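Structural description and commentary
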Amino acid sequence: MNKSKKSFKWLGALVLAAMLVISGCGNNNAGGKNAAAGGNNAAASGDSEAIAKIKERGKLLVGVKYDTRLFGLKDPASGNVEGFDIDISKAIAKHILGDENAIELKEVTSKTRIPMLNNGEIDMVVATMTITEDRKKEVDFSDVYFQAGQSLLVKKGSPIKGLEDVTKDTKILGSKGATSIKNIKEKVPGVTVLEFDNYQDAFSALKAGQGDALTTDDAILYGMASQDPDFEVVGEPFTDEPYGIAIQKGNSDVVQAVNDTLAELKESGDYDAIYTKWIGKAPAK
Ligand code: GLU
């Protein structure tokens, strides 16, 4: 009799413990949205579908430029795509999948990157993309990972030495879907802008004398100038272009994984090494 009373007590304690565990789980689930975004355990909870999908696939699909020296440029001979944005993408693949080569790069242009992201062709865009309020209506962004500013590329000897020399009679060349087009039209109302599908075509048009200046971010223009000594970047940058990695709206776990990667890269010094490798100097602190 005594014995069975004792075991009832034990059973009661067990039931109580089980109830506590269950109710504890309930609380965790309620808070799961934030918790899921925070770490590797995210794969088990509801808010982490995007990361789970990437892990299941075993590779990260990243939209990068193929025609932008220093950031994302495809070498036609080897087929390799290289640049600052590629090195950042590899670090993200390593963080999420444990292997920097578990990645498939897909070509985007300034015009195609948001549609390709939002129709699910790619998991993220790492392609010289400025964080803007307008774009935030369509995509989510990581923290800033590069700071650029808009500038002008001209043929050496051009009378254009900076933005102050651009008038409405100047013929400007640019890439469709870039912030640079909207910015230059705001800075010089009435200016003529010829828009190309990508930067390769815009630079070819400048070389062929189809326009007076090509406008986009200074970092991209320096990459072009390094290809052809007849061209130079002039004047001071006249906008702020903070680059962010774009991710489909609602995939907060992916945004978190990217931000964690960027923080790790900065902490370890690898960010400075990647920056110096491509930009030729250490980032401003
Ligand atoms: N950073 C600017 C933008 O996001 C210009 C460079 C580009 O076209 O990718 O529009």
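Scroll up for the structure.
Keep in mind the model is a prediction, meaning the values are calculated, not measured.

For the rest of this paragraph, the subject is the layout of surface pockets. Approximately 550 Å³ is the volume found for the largest pocket. As for the largest pocket, its lining consists of 25 residues, and the residues nearest its centre are Phe-146, Gln-147, Tyr-275, Ile-279 and Lys-281. Here the lining of the largest pocket gets 4 residues from one element, more than from any other, and that element is helix H11 (residues 270-279). Of the residues that constitute the lining of the largest pocket, the class distribution is 15 nonpolar, 4 polar and 6 charged.

Here we take up the nonpolar core. One finds Phe-84, Ile-88, Met-124, Phe-146, Leu-153 and Leu-214 to be the most contacted residues of the largest nonpolar core, which totals 53 residues. The element best represented in this core is helix H4 (residues 84-97), accounting for 7 residues. Not counting chain neighbours up to four residues away, the residues in contact with Phe-84 comprise Leu-70, Phe-71, Tyr-145, Phe-146, Tyr-271, Ile-274, Tyr-275 and Trp-278. In this structure, Ile-160, Val-166, Ile-184 and Ala-213 belong to the second largest nonpolar core, which totals 13 residues.

Next up on the list: the site of the ligand. Neighbouring the ligand are 16 residues, the closest being Ser-110, Thr-128, Thr-130, Tyr-199 and Asp-217. Protein contacts shield 100% of the accessible area of the ligand, which totals 280 Å² for the unbound molecule. Applying the majority rule of atoms within 2 Å of the grid points places the ligand in the largest cavity. Counting residues per element, the ones that place at least two in the shell around the ligand are helix H7 (179-187) and strand E12 (213-217). Within the shell around the ligand, the residues separate by chemical class into 6 nonpolar, 6 polar and 4 charged.

What follows covers the sheet that holds E12. Here 5 strands make up an open sheet; going across it, the order is E11-E10-E12-E9-E13 and the pairing mixed. Across the chains shown, the open sheet's two edge strands, defined by having one partner strand only, are strand E11 (192-196) and strand E13 (231-234). Averaged over all adjacent pairs, the angle separating strand axes in this sheet is 35 degrees, with direction ignored. The sheet contact formed by strand E9 (residues 150-155) and E12 spans 4 bridges and is antiparallel. Bridge pairing in E12 places Leu-152 opposite Thr-215.

Time to look at the packing of H4 against helix H10 (residues 252-268). The geometry of H4 relative to H10 is characterised by a closest axis approach of 9 Å and an angle of 110 degrees between their N-to-C directions. Judged on the interaxial angle alone, H10 and H4 are roughly perpendicular. Relative to H10, the crossing made by H4 is right-handed. Taken together, the residues of H10 that come into contact with H4 (itself represented by Ile-88, Ala-91, Ile-92, His-95 and Ile-96) are Ala-257, Val-258, Asp-260, Thr-261, Leu-262, Glu-264 and Leu-265. Here the residues of the contact of H4 with H10 sort into 8 nonpolar, 2 polar and 2 charged.

Calculation notes
- Residues numbered from 1 in each chain as written.
- Predicted model: local features only at pLDDT ≥ 70, side-chain atom pairs only at ≥ 80, totals over all residues.
- Heavy atoms only, no water.
- 1 Å grid on protein atoms, 1.4 Å probe; cavity = no way out; pocket = protein on both sides within 12 Å on 5 of 7 lines; lining within 4 Å.
- Points joined across faces, edges and corners; volume = space filled by probe spheres on them.
- Helix = DSSP H or I, 4+ residues; strand = E, 2+ residues; numbered from the N terminus.
- Nonpolar A, V, L, I, M, F, W, Y, C, P; charged D, E, K, R; others polar.
- Core = buried A, V, L, I, M, F, W, Y, C linked by side-chain atoms within 4.5 Å.
- Buried < 20%, exposed > 50% of the residue type's maximum accessible area, 1.4 Å probe, protein only.
- Contact = heavy atoms within 4.5 Å.
- Near = heavy atom within 4 Å.
- Areas by Shrake-Rupley, 256 points an atom, 1.4 Å probe, with all protein chains shown as cover.
- Sits in = over half its atoms within 2 Å of the grid points.
- Pairing = 2+ DSSP bridges.
- Axes fitted to C-alpha atoms, helices over the stretch in contact; angles between N-to-C directions.
- Parallel < 35°, antiparallel > 145°, perpendicular 65-115°, else oblique.
- Left-handed = near helix turned anticlockwise from the far one by under 90°.

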